[in-house]
Structures are given as structure tokens and as C-alpha cells.
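Remarks on the overall topology
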Amino acid sequence: MYLNHFGFKEKPFSITPDPDFLYFSDQHKAALAMLEYGVLEQSGITVVTGEVGCGKTTLIRHLLRRIPYDKLTVGLISNVHTSLGSLLHWVMLALKLYEGKEEVSSLRLFSELQEFLVREYAGGRRVVLIVDEAQNIGAAALEELRMLTNINADKDELLQIVLVGQPQLLKLLEQPELAQIAQRVTAEYHLEPLNITETLAYIRHRLQVAGGPPTVRFDIQAAHVIYYFSCGVPRLINTLCDHALVVAYANNRKTVDLETALDAVRQKRIGGVERFRKRTEEAENTKQVIQAATGIDIEVAVNG
């Protein structure tokens, strides 16, 4: 709708994970380095966690572009639902070893998986299984994954596992019954929301990637409003920035100013923006900066 108005080639703040738009904060660089170490250096189990919307899935998509597929066979499990089959079924589907069209016993599936891992190892290829939203699979399924890592050849593990999920995944791994899988985690990183400096850079980055001309911008006070109400969570930043562009378009503006950003927040009360109320000291400071410069209390302006 607003692409022609602003001169964008594509929407700059889509909430769909897109590695082309990935902003490499120091945290995201570190998380990617940890993922690459886990995949390329024959690490046993790698764990990356972060709050909802912090960019974990986008990092995975970026990683999948960089993997040397001549040396690795990669399976990706997203949003597993164990009510639709055992974890082993999902593993076989991810590795394209099972189409799910017939009932097959777990014993037979395990035997076929073991044979596949041995064949890949003999052919000089390693197998990596990435489980996204891993906090949803539960303790029993995590224990199943640990059992799969017991398939070895001499000193080499034939299956590497990358677990990506929300903070609940860390709580799962702290349970005493999962001590064995927790002990096999050799690489770990937790993504935090962006700080104010990173948020400003993030907004500029996405405008540039979308092909926006220099005349399209968020002024500094608007960006502070976006940071305060998103708490630096990239998905919430996208939600608010996209709506702010819609408001600017409706008012025939090319710049998102303070009032435009406040209008966007007033109108956007879904998608977690109101529920995510964790205020950091830095977020409170941004509120004070705006009030000192404009006399406007942004909480009062939005909530009345």
C-alpha cells in the first residue's frame, strides 16, 4: 500500500523471518558464531535461546544459507507437535527419510535412522538436526534426542543437535531428569532484546535494505518511542514501525515523527505490544529524554 509513496522496493518491517533483513547486533554476531561453531566443529549439542521475537528463527534461516551442503546433511524441525507423532517421526521427516504415509514402528524408524547416519558418516558427511521452538517438545522428547546422540562411530558423534527456543527451554534443561542432555551442551547463547543504540541502527538498517530513499526516516524522538514500547524486541519493533509508516502514509508524510509514532502505538494494541511491559532502566531513560525535550509524557500520551 505505501511502497510507492515511500519508494520502497519491499516492506521494510515485515514480521516474517527474512535473512536478507537480518541486523547483526553484537549479540546476533555472537549467537551466529555459536551456531556455526556448533554445526561446523562437531559440537554435540548447541543451545540458542531468546525471548519471543528476538530473531532466533531469522538467524537459523541465515545459517542455513551458509552451511556447506557438500559436507553436511541438515534437517530442520519447526514447531513440532508431538501429538501428531513421536519425535522420532519428526526427525525422520526432517531428514527426508520418512513421508509419514504409513504406520512404522519406532524400532524400525530408529534402525533406519542409525543406518542412515552410518552411511552418511562413511561418505564423509555429517548430519545436523536443528530443532526450532524446542521449548515445546517437552522433557520426554528431549530425552529421546539425547538417546539419538548415543549413535557413535569410534570417537565421532554421528548426529549433531541444535536446539533453538524461548527461555523456557533453559528451565527444561535444568530439570534433574534431563541432567544427561544438559551435560552434553557444548555451546550456548542467550539473545537479549536490543538496546536503544541497536534499535536506532536496526530501524535505519531495515529502511536501507528495503530500498528506501534518504528522505524516508524515523526522527530520533519517534525511534525512542518505538524503543520504549517495544522494549527492543525486533518483532515488536517491526510491528510498531510498520504501523507508523501506515499512519505517515495516511497523512501524506515521508518522515515518522514523534506524534506519528505515538499514533501508531495508540492504535496497535495487539500482537504482544501491550503485554510486553518489561521496562529496562534504559527504556525509562528514553522516556525521560523525550519528556525533557518535548514536555510530553509518552505513557500519558498513549494511555490517557
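Analysis parameters
Residues numbered from 1 in each chain as written. Predicted model: local features only at pLDDT ≥ 70, side-chain atom pairs only at ≥ 80, totals over all residues. Heavy atoms only, no water. Helix = DSSP H or I, 4+ residues; strand = E, 2+ residues; numbered from the N terminus. Buried < 20%, exposed > 50% of the residue type's maximum accessible area, 1.4 Å probe, protein only. Contact = heavy atoms within 4.5 Å. Areas by Shrake-Rupley, 256 points an atom, 1.4 Å probe, with all protein chains shown as cover. Lys, Arg positive; Asp, Glu negative; His and termini not counted. Charge placed at Lys NZ, Arg CZ, Asp CG, Glu CD. Polar contact = N/O pair within 3.5 Å; in protein donor to acceptor, adjacent residues only side chain to side chain. pLDDT = per-residue confidence, 0-100. Pairing = 2+ DSSP bridges. Core = buried A, V, L, I, M, F, W, Y, C linked by side-chain atoms within 4.5 Å.

Section: the overall build of the chain
The helix and strand inventory of the chain stands at 14 helices and 9 strands. Dimensions along the principal axes, computed over C-alpha positions, put the chain at roughly 70 × 40 × 35 Å. Relative to its 304 residues, the chain shows a buried fraction of 51%. Intrachain contacts of the chain at a sequence separation of at least 6 include 76% that bridge at least 24 residues. Carbon together with sulfur atoms contributes 50% to the accessible area of the chain, which is approximately 14,400 Å² in total. For the chain, the distance from the average position of its 32 positive side-chain charges to the average position of its 37 negative side-chain charges is 5 Å.

Some words on unusual backbone geometry
A positive phi angle, close to 60°, is found at Lys 96, a residue other than glycine. Topologically, Lys 96 is positioned in the loop between α4 (87-94) and α5 (106-122). One non-glycine residue, Glu 133, adopts positive backbone phi at about 55°. Looking at where Glu 133 falls in the secondary structure, it is placed in the loop between β3 (126-131) and α6 (138-148). On the basis of relative accessible area, Glu 133 is assigned to the buried category, the value being 16%.

With respect to the environment of Gln 180
Secondary-structure assignment places Gln 180 in helix α8 (residues 179-183). Taking the C-alpha atoms as reference points, Gln 180 and Arg 119, 61 residues apart in sequence, are found 27 Å from one another. Separated by 3.2 Å, the side chains of Gln 180 and Arg 146 make a polar contact.

Section: the confidence of the model for the chain
Model confidence for the chain is summarised by a mean pLDDT of 88, while 92% of its residues fall at 70 or above. When the elements of the chain are averaged for pLDDT, strand β4 (residues 152-153) gives the smallest value, 72, and helix α9 (residues 196-209) the largest, 96. Between residues 270-275, whose pLDDT stays under 50, and residues either more than four places distant or in other chains, the model counts 9 contacts.

Quick word on the pairing of strand β2 (residues 72-77)
Regular strands have side chains that alternate between both faces of the sheet. The element β2 is extensively covered by neighbouring structure, given that 5 of its 6 residues are classed as buried. Pairing of β2 with β3, which is carried by 6 bridges, proceeds in the parallel orientation. Within β3, the residue paired with Val 74 across the bridge is Val 128.

Quick word on the nonpolar core
With 40 residues, the main nonpolar core has Phe 8, Ile 203, Phe 218, Val 225, Phe 229, Leu 245 and Val 256 as its most contacted residues. At the level of secondary structure, the elements contributing two or more residues to this core comprise α9, α10 (220-230), α11 (234-250), α12 (258-267), α13 (281-294) and α14 (298-303). If we ignore the near neighbours within four places in the chain, the residues touching Phe 218 are Phe 13, Ile 203, Leu 207, Cys 241, Ala 244, Leu 245 and Val 256. Within the second largest apolar cluster, 37 residues are counted, among which are Trp 90, Tyr 98, Leu 129 and Leu 172.

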